[in-house]
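Residues per chain are reported as follows:
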Amino acid sequence: MSDQSPQERLAAAQRRIAELEASLEEVSAAACEDRYRQVFDNAPSGMAIVNLEGDILLCNAEAERFLGLRDVPEEERNTKRLYANIKDRERLFTLLGREKHIRNYEVPMRRLNGDPMWASLNVRNILYAGQDAYLVAFSDITEHREALRHLELDEIRFEKLYALSQMTQRSEAEILDFALAAITEVTGSPIGFIFRVSEDESELSLFSWSGEVMAQCGLGAFPDRHRLETAGLWSEALHRREPVIINDYQAHPDRRGYPDGHMHIVRLLNIPVFDEQRIVLLAGVGNKEQNYTEEDIRQMMLIMSGTWRTIQRRRSRAELAEARARLEEKVMERTASLEAVNHQLVEKDREREEARAELLRYERIIETNPDLISLIDREYRYIIINESCARMFDRRRSEVVGQTVDQLFGEDCFDIRLRPAIDRAFAGETVREEAWIEFPTRGERYMSISHQPVRVQGDPETYVSFEARDITDLKRSEETLKAFAERLDLATNAANIGIWEWDLLTDALHWDQKMFNLYRIAPTDPDELYDLWRLQVHPDDLPAVEREVARTIEGQGLLNTEFRIIRPDGATRIIRAHAQVQVDDNNVPHRLIGLNQDITEQRNMEDELRTLASTDPLTGASNRRQFMSRLSEEFERCKRYNTSLVLLSLDIDHFKRINDTYGHPSGDDVLKELVILCQSTLRTTDLFGRVGGEEFQAALILTHIAAGNNTAERLRRRVEQTRVSTHGEVISFTISIGITALRPEDNSIEDILKRADDALYEAKRSGRNRVVQL
């Protein structure tokens, strides 16, 4: 029987019930009370006789067990208490009014002890003890219904997860809205919420409450950020780092309560969503009719995990698109550069071809050669020269033939540059060299020269052929490239850039010298270099870096990432890495070429610039620009969510007198002491900044005017009681404070600023050292 499915057991029970009903009819017709009793009492399914008022007149042992009636007195046995929804009983009686026999009527019920169940009822009208009654046979189909519910939830979840997988083009807000609707549906919860969790897991940012919650809440304002230490039971999963079920919220000992107007909470389930070891989201549902179970946790975890994977894929797509755009931009720049170089080469090729076509007009083969060709005898006289050679000397051939080498080039050039090579050629050696040669009319040219011994048939004399090619332009281009390479080397040294190449087929990693300098290690065998690099990468950054490298190789795209390294001297440096995959003819990645740049100083400078841009250099308080920017943001937020804000404008009384009496250095110390007092009096969530010489302002967030007055008065008293020891003097001072609160009619930040300033001027006018409210 245990191997049968719930459907098979239900069908067998229903067949048995039908058999028993037929037996009961036979027993009733035969008026055989004993046999009727025997069949009724020993039936494997629950059976009962119920009068028209719902009182249970008679039931067998299985019915007593099934309905939990064994300890219930007979006078208290009534079916009204058994229906989970009394309307189901009314519908059943309505059907019995139209039909005499109802079969397989499925209805949710509760045992008298409160346990939920599902029952399949077979009901027919009978006469019992002379009165109208109902014969009810029922079987427990709770397991069957739960199995169907699980199948239904799995189908819903699969549909939601599939829909989520197709939402990578949607915004994160749309993805989370969809996830919120999904978790409330699969858990059968009327309410739900999702919070984003800050990177240090100390603060929760409200993303969304389900629509039904907002409709039932009467709160005027609700904060969208919560510190973890001040959050209630709904953030317990973040504390524990695991799902939390609270099925009796009102009786929970740690319940803090909630503001007036908040909807009533009965049950609560919330779960953390992890990205590796960090919690990124907190999701919860509440007020399910039944208790929350592990199945609800499973359904929510699956949907929220799929949601976070969808968000990650969306972010990866965005990063990939950005990297692709940068790559396309670089490719376009490089293509333009190559096209320019190619154009120059085409022009040079065209000129060369034109020159070569011109030479082909000459009848003799020697004259077709653009190189300088000549034949020299043992007296160093020119016997033959081609037209190119004559042109190099700006003479006719007849004027050159018969001249000696020293007559054309000069004695110094002949003795130092040319004669040693010519003599070696006369000795039977072929001599090839490149050298700068001074021509009488052309100046210094860089020539590729070949001297070869030549013997003419029938002539006992030995000659030397002089073949020279003018490669001055090539040499200068080479020197230009060399200078460019030197400048590139200087640039990479100046920018702390090292170049590397990773052979993916052999796993050999090659570094230039700058890479070894960056990592402060000695040159190492390429086969061992990758493992050595892994040891130097910060252990917290290594998994992410290796994932990025693997993703780059798999996607054949660009690598663009940053990570920290720990050098052998213990110094931590920040490295920016760029690389590109190279593929073979079969589109298989075989090499990764890239560069590393030490950007530690750049990052430190950026942090320092951010601090300088937002901080007053004397006191360390926010400067005017930073304070006004933050105040504008809070003003807009308060107007949007209808929350409270109090603004304080404060000024040191007779500050000019302090400067004139004690000197400006002492006045600076008074300003610093005032900032310390203000920052220790105000909350960390409040805004505070220096907006003038001795004038400061503070914005108290989510604060009403009465609390703001208390804070201002407390600050005034602390200043009044403070003594500043500076430069051998003890200085006491006071402050005047103007205070005002945000009003509904305030349309801009200037309205509340003017009112606070007016209050400050009134405090000054009425005697100073006081707090005035407007």
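For the structure itself, look to the data block above.
Residues numbered from 1 in each chain as written. Predicted model: local features only at pLDDT ≥ 70, side-chain atom pairs only at ≥ 80, totals over all residues. Heavy atoms only, no water.

Engineer: Could you clarify how one ought to interpret the sheet that holds strand S23 (residues 687–690) in this entry?
Structural biologist: Sheets are built from strands paired through backbone hydrogen bonds, the pairs being either parallel or antiparallel. The strand order S23-S24-S22-S27-S28 describes an open sheet built from 5 strands, whose pairing is mixed. The open sheet has two edge strands, S23 and strand S28 (771–773), and neither has a second partner. Averaged over all pairs of adjacent strands, the angle between their axes in this sheet comes to 15°, without regard to strand direction. Alignment of strand S22 (residues 645–652) against strand S24 (residues 695–701), held across 7 bridges, turns out to be antiparallel. If you follow leucine 650 over to S24, its bridge partner there is phenylalanine 696. Helix H23 (residues 749–765) rests against S22, S24, strand S27 (735–741) and S28 of the sheet, and its axis sits at about 145° to S27. (Pairing = 2+ DSSP bridges. Helix = DSSP H or I, 4+ residues; strand = E, 2+ residues; numbered from the N terminus. Axes fitted to C-alpha atoms, helices over the stretch in contact; angles between N-to-C directions. Contact = heavy atoms within 4.5 Å.)

Engineer: Would you take a moment to explain the sheet that holds strand S21 (residues 589–598) for this structure?
Structural biologist: As summarised here, the arrangement of the 5 strands in space is S18-S17-S21-S20-S19, forming an open sheet in which the pairing is antiparallel. Each edge of the open sheet is held by one strand with a lone partner, namely strand S18 (508–511) and strand S19 (558–566). Looking at each pair of strands side by side, their axes are set apart by 25° on average, direction ignored. Lying over the sheet, helix H16 (residues 526–536) contacts strand S17 (497–503), S18 and S19, oriented at roughly 75° with respect to S18. Where helix H17 (residues 542–555) meets the sheet, its contacts fall on S17, S19, strand S20 (572–583) and S21, and the angle it forms with S19 comes to roughly 160°.

Engineer: Can you help me understand unusual backbone geometry in this one?
Structural biologist: Among all residues save glycine, negative phi is the norm, and among peptide bonds the norm is trans. Non-glycine residue arginine 241 carries a positive phi angle of around 65°. Here arginine 241 is to be found in the loop between helix H8 (236–240) and strand S9 (244–246). A positive phi angle, near 60°, is found at arginine 520, a position not held by glycine. You can see arginine 520 is positioned in the loop between helix H15 (513–519) and H16. For arginine 520, a relative accessible area of 48% translates into the label partly exposed. (Buried < 20%, exposed > 50% of the residue type's maximum accessible area, 1.4 Å probe, protein only.)

Engineer: Would you mind going over the nonpolar core with me for this structure?
Structural biologist: Within soluble globular proteins, side chains that are nonpolar generally end up buried alongside one another. Ranked by size, the top nonpolar core spans 28 residues in total, and within it Ile652, Leu674, Phe733 and Ile735 carry the most contacts. Contributing elements (two or more residues each) for this core: S22, helix H20 (655–662), helix H21 (664–681), S24, helix H22 (705–720) and S27. The dominant element in this core, judged by the number of residues it contributes, is H21, at 6 residues. Among the nonpolar cores identified, the runner-up in size contains 27 residues, and Ala390, Ala425, Ala435 and Val464 belong to it. (Core = buried A, V, L, I, M, F, W, Y, C linked by side-chain atoms within 4.5 Å.)

Engineer: Can you walk me through the packing of H21 against H22 in this structure?
Structural biologist: In a packed pair of helices, the relevant descriptors are the angle between the two axes and the axis-to-axis distance. Contact geometry of H21 with H22 gives a least axis separation of 10 Å together with a crossing angle of 145°. Remark: the crossing between H21 and H22 carries right-handed chirality. When H21 is examined against H22, the residues Leu674, Leu677, Cys678, Ser680 and Thr681 are found in contact with a partner set consisting of Thr711, Arg714, Leu715, Arg718 and Val719. Taken together, the residues that form the contact of H21 with H22 break down as 5 nonpolar, 3 polar and 2 charged. (Left-handed = near helix turned anticlockwise from the far one by under 90°. Nonpolar A, V, L, I, M, F, W, Y, C, P; charged D, E, K, R; others polar.)

Engineer: Is there a simple way to think about the packing of aromatic side chains in this case?
Structural biologist: Each aromatic ring pair is specified by the distance between its two centres and by the angle formed by the two planes. The final tally for this structure, using the stated rule, is 13 aromatic pairs. Both rings, one in phenylalanine 393 and one in phenylalanine 439, keep their centres 5.6 Å apart while their planes meet at 55°; by these two values the pair is tilted. Placement of the pair is phenylalanine 393 in the loop between helix H10 (387–392) and helix H11 (397–400) and phenylalanine 439 in strand S14 (residues 431–439), with a sequence separation of 46 residues. Both residues of the pair, phenylalanine 393 and phenylalanine 439, count as buried. (Phe/Tyr/Trp six-rings, centres within 6.5 Å; stacked < 30°, edge-to-face > 60°.)

Engineer: Where do I start with the pattern of salt bridges in this structure?
Structural biologist: It is possible for side chains bearing opposite charge to pair when their charged atoms get close. Considering all chains together, one arrives at 33 salt bridges under this definition. In this structure, the salt-bridge partner of glutamate 236 is arginine 240, at a minimum N-O distance of 3.3 Å. Taken together, the residues glutamate 236 and arginine 240, both in helix H8 and 4 residues apart, mark about one turn of the helix. Taking relative accessible area as the criterion, arginine 240 reaches 45% and is therefore assigned partly exposed. The salt bridge involving lysine 764 is made with aspartate 651; its shortest N-O contact spans 2.9 Å. Separated by 113 residues along the polypeptide, lysine 764 in helix H23 and aspartate 651 in strand S22 bring together distant segments of the chain. Each member of the pair, lysine 764 as well as aspartate 651, is classed as buried. Residues joined by salt bridges that share partners form a network here, namely Glu713, Arg716, Arg717 and Glu720. (Salt bridge = Lys/Arg side-chain N within 4 Å of Asp/Glu carboxyl O.)

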